[in-house]
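Structural overview for review
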Amino acid sequence: MAETLRSHLHWTSSPLIVNAAMGGFAGGRLAAAVTRAGGLGVIGAVMANDLEKELGIAAEALKPTQKGDIIPIGVGLLPFIVQLDSVLPILQRYRPAVVWLFAAKELTDYSIWAAKIRRVSPESRIWIQTGTVSAALKIAQSAKPDALILQGADAGGHGFERGASIVSLLPEATDVFKANGLDNTPLLASGGIADARGAAAAFALGASGVVLGTRFLAANETNAPPGYRELVLAARDGAQATVRSKLFDNVKGPNIWPEAYDGRSLVTESYNDHVRGVDIDQVREVHNKAVTGEDSGYGKTNRANVWAGSGVGLVNKLEDAADIVEEVRSGVTQILNSTNARL
Ligand SMILES: Cc1cc2nc3c(=O)[nH]c(=O)nc-3n(C[C@H](O)[C@H](O)[C@H](O)COP(=O)(O)O)c2cc1C
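Keep in mind that what you see is a predicted model, and the values were worked out from it rather than measured.

**Things to note about the environment of L84**
- Residue placement: L84 occurs in helix 4 (residues 84-94).
- Each C-alpha atom, one on L84 and one on W113, is 7.1 Å from the other, the two residues being 29 residues apart in sequence.
- Apart from residues no more than four positions distant in its own chain, L84 is found in contact with I112, W113, K116 and I117.

In structure tokens, the structure reads:
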């Protein structure tokens, strides 16, 4: 399965390392750096104009090495928020190797998106990220994606409110896919993988590729506000430092995310207020004042959402994306060999 996945991604090395689509954070510079290091670089876009801008940056950075018609990166889109018609002409022009979809309002929306994207960019592969075995099965049967990313509950940012860690999610999905004749659909793992140990575990669970989000928040090429990055680098003990809650989508104003979703962020003062029972209008007022203030909510006020996964305690230094890819890739083989020798 890993070979099937990589056959379309000719520049990648084995095992396959992917940076997560992170809207507003994973831009063209990060995607180009990850791809140049032999991984799959992915842009996370929230709006069509971000997509176009970041694709332009990646295309420029990859120009000297690019072969063929497709641009050797993925682009991540959120169907519940972006208009399909606004992104189709951009996908047609750039033809990304992968179009990654996440968070459709209804699971059936993915079929419409996949069909329309395939029409304008037949060379693009469709990958869909989801967080439960039943959703993965429904999506595989209806939208027929080229791969699915199983997102465990440790993931930073948004995900299914009712989730499980990839330790059980991935093997169960693998079994269910096999029982339904879908074992030719590659499964990737995301959520809580922050270094080669997590990646090795995911490959042992049956993943054909691994996705790292939070770890790449500490890459030099990622677009993260300095205050945000400092908090990620300083955080320890992800079990305590982060929490999943719908509160994070309620702090600016009414939550626009589909009902099934919540998000994992560093614990903020707004979250603490919410637990203490402070009224949401008051939480919003203090939040909105703090994030437009001097420290943008990242300093003493500690009000801004800092999306990060439970692996955040393993993310301790700022480095180049290529070094992260190389460390994880070479570490996986070493860890699997030494584990085998140890047993
Ligand atoms: C800062 C941040 C922003 C994210 N934005 C998106 C997004 O725009 N689209 C998406 O598909 N997933 C998004 N995610 C979730 C990631 O795709 C992925 O599931 C997650 O980062 C994996 O878990 P990890 O952070 O523990 O590595 C985001 C995650 C983070 C940390």
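From this point, things continue past the structure.
**A word on the site of the ligand**
- Residues in contact with the ligand amount to 25 residues; listed here are only the nearest, G23, W100, G192, G213 and T214.
- G156 places a main-chain nitrogen or oxygen 3.3 Å from an oxygen atom of the ligand.
- The contact in question runs from an oxygen atom of the ligand to an N or O atom on the backbone of G191, over 3.4 Å.
- Considered on its own, the ligand offers 590 Å² of accessible surface; in the complex 95% of this is hidden by protein.
- The residue makeup of the shell around the ligand, split by class, is 13 nonpolar, 11 polar and 1 charged.
- When residues of the shell around the ligand are assigned to domains, at least three map to each of domain 1 (2-224) and domain 2 (226-311).

**Comments concerning the packing of helix 8 (residues 196-205) against helix 13 (residues 321-342)**
- Look at helix 8 against helix 13: their axes get within 8 Å of each other, and the N-to-C directions meet at 60°. One finds that helix 8 runs oblique with respect to helix 13. Like other packed secondary-structure pairs, helix 8 and helix 13 cross with a definite hand, here right-handed. Facing helix 8, whose interface residues are A196, R197, A199, A200 and F203, helix 13 presents E327, V328, G331, V332, I335 and L336.
- Looking at the contact of helix 8 with helix 13, its residues break down into 8 nonpolar, 1 polar and 2 charged.

**Brief notes about the side chain of S245**
- Summarising the element assignment, S245 is placed in strand 10 (residues 242-245).
- On the accessibility criterion, S245 (9% relative accessible area) is buried.
- Polar contacts involving the side chain of S245 include one to the main-chain amide nitrogen of L247, which spans 2.9 Å.
- With residues up to four places along the chain from it excluded, the contact list for S245 reads D262, G263, Y271 and H274.

**Here we look at the layout of surface pockets**
- As a volume, the second largest pocket reaches approximately 200 Å³.
- Forming the walls of the second largest pocket are 13 residues, and the residues nearest its centre are L107, A135, F160, A260 and Y261.
- Tallied by class, the residues present in the lining of the second largest pocket amount to 7 nonpolar, 1 polar and 5 charged.
- Domain assignment of the residues forming the lining of the second largest pocket places at least three in each of domain 1 (2-224) and domain 2 (226-311).

**Thoughts on the sheet that holds strand 11 (residues 261-266)**
- If you walk across this open sheet you meet the 3 strands as 7-11-10, and the pairing is antiparallel. If you trace the sheet from one side to the other, it starts and ends with strand 7 (157-160) and strand 10, each paired once. Each strand axis lies, on average, 30° off the axis of its neighbour in the sheet, ignoring direction.
- With 4 bridges joining them, strand 7 and strand 11 adopt antiparallel strand pairing. Opposite G157, over in strand 11, you have R264 as the bridge partner.

**Observations concerning the pairing of strand 8 (residues 187-190)**
- Burial along strand 8 is two-sided: the face carrying L187 and A189 and the face carrying L188 and S190 are both buried.
- In this sheet, strand 9 (residues 209-212) lies alongside strand 8 in parallel orientation, the contact comprising 3 bridges. Each residue of the ladder has a partner; that of S190, found in strand 9, is V211.
- The β-α-β motif built from strand 8, the intervening helix 8 and the parallel element strand 9 has right-handed crossover chirality.

**Digging into helix 9 (residues 226-234)**
- What helix 9 keeps buried is the set Y228, R229, V232 and L233. Projected down its long axis, helix 9 shows its buried positions confined to an angular sector of 130°, all on one face. Facing away from the buried surface of helix 9 by more than 90 degrees, the exposed residues are P226, E230 and A234.
- Buried residues belonging to helix 9 abut strand 11.

**Section: the nonpolar core**
- In this structure, L77, W127 and F216 are the most contacted members of the largest nonpolar core, which totals 118 residues.
- Beyond its immediate stretch of four places on either side in the chain, L77 contacts A45, L51, V82, V87, L91, V99, W100, L101, F102 and W113.

**Some thoughts on the pattern of salt bridges**
- A complete count under the given rule lists 15 salt bridges for this structure.
- Residue E327 pairs with R215 through a salt bridge whose shortest N-O separation is 2.8 Å. Highlighted residues: E327 in helix 13 and R215 in the loop between strand 9 and helix 9, separated in sequence by 112 residues.
- Residue classification places R215 among the buried residues on the basis of a relative accessible area of 5%.
- With its nearest N and O atoms 4.0 Å apart, the salt bridge here joins D281 to R284. With a gap of 3 residues between them, D281 and R284 both fall in helix 12 (residues 280-291), about one helical turn apart.
- Because the salt bridges share partners, they merge into one network encompassing R215, K317, E319 and E327.

Rules and cut-offs
- Residues numbered from 1 in each chain as written.
- Predicted model: local features only at pLDDT ≥ 70, side-chain atom pairs only at ≥ 80, totals over all residues.
- Heavy atoms only, no water.
- Helix = DSSP H or I, 4+ residues; strand = E, 2+ residues; numbered from the N terminus.
- Contact = heavy atoms within 4.5 Å.
- Near = heavy atom within 4 Å.
- Polar contact = N/O pair within 3.5 Å; in protein donor to acceptor, adjacent residues only side chain to side chain.
- Areas by Shrake-Rupley, 256 points an atom, 1.4 Å probe, with all protein chains shown as cover.
- Nonpolar A, V, L, I, M, F, W, Y, C, P; charged D, E, K, R; others polar.
- Domains from an automatic or database assignment.
- Axes fitted to C-alpha atoms, helices over the stretch in contact; angles between N-to-C directions.
- Parallel < 35°, antiparallel > 145°, perpendicular 65-115°, else oblique.
- Left-handed = near helix turned anticlockwise from the far one by under 90°.
- Buried < 20%, exposed > 50% of the residue type's maximum accessible area, 1.4 Å probe, protein only.
- 1 Å grid on protein atoms, 1.4 Å probe; cavity = no way out; pocket = protein on both sides within 12 Å on 5 of 7 lines; lining within 4 Å.
- Points joined across faces, edges and corners; volume = space filled by probe spheres on them.
- Pairing = 2+ DSSP bridges.
- Right-handed = clockwise from strand over helix to strand, strands pointing away.
- Arc of directions from axis to C-beta.
- Core = buried A, V, L, I, M, F, W, Y, C linked by side-chain atoms within 4.5 Å.
- Salt bridge = Lys/Arg side-chain N within 4 Å of Asp/Glu carboxyl O.

Treat this as a map of the structure, not an account of what it does.
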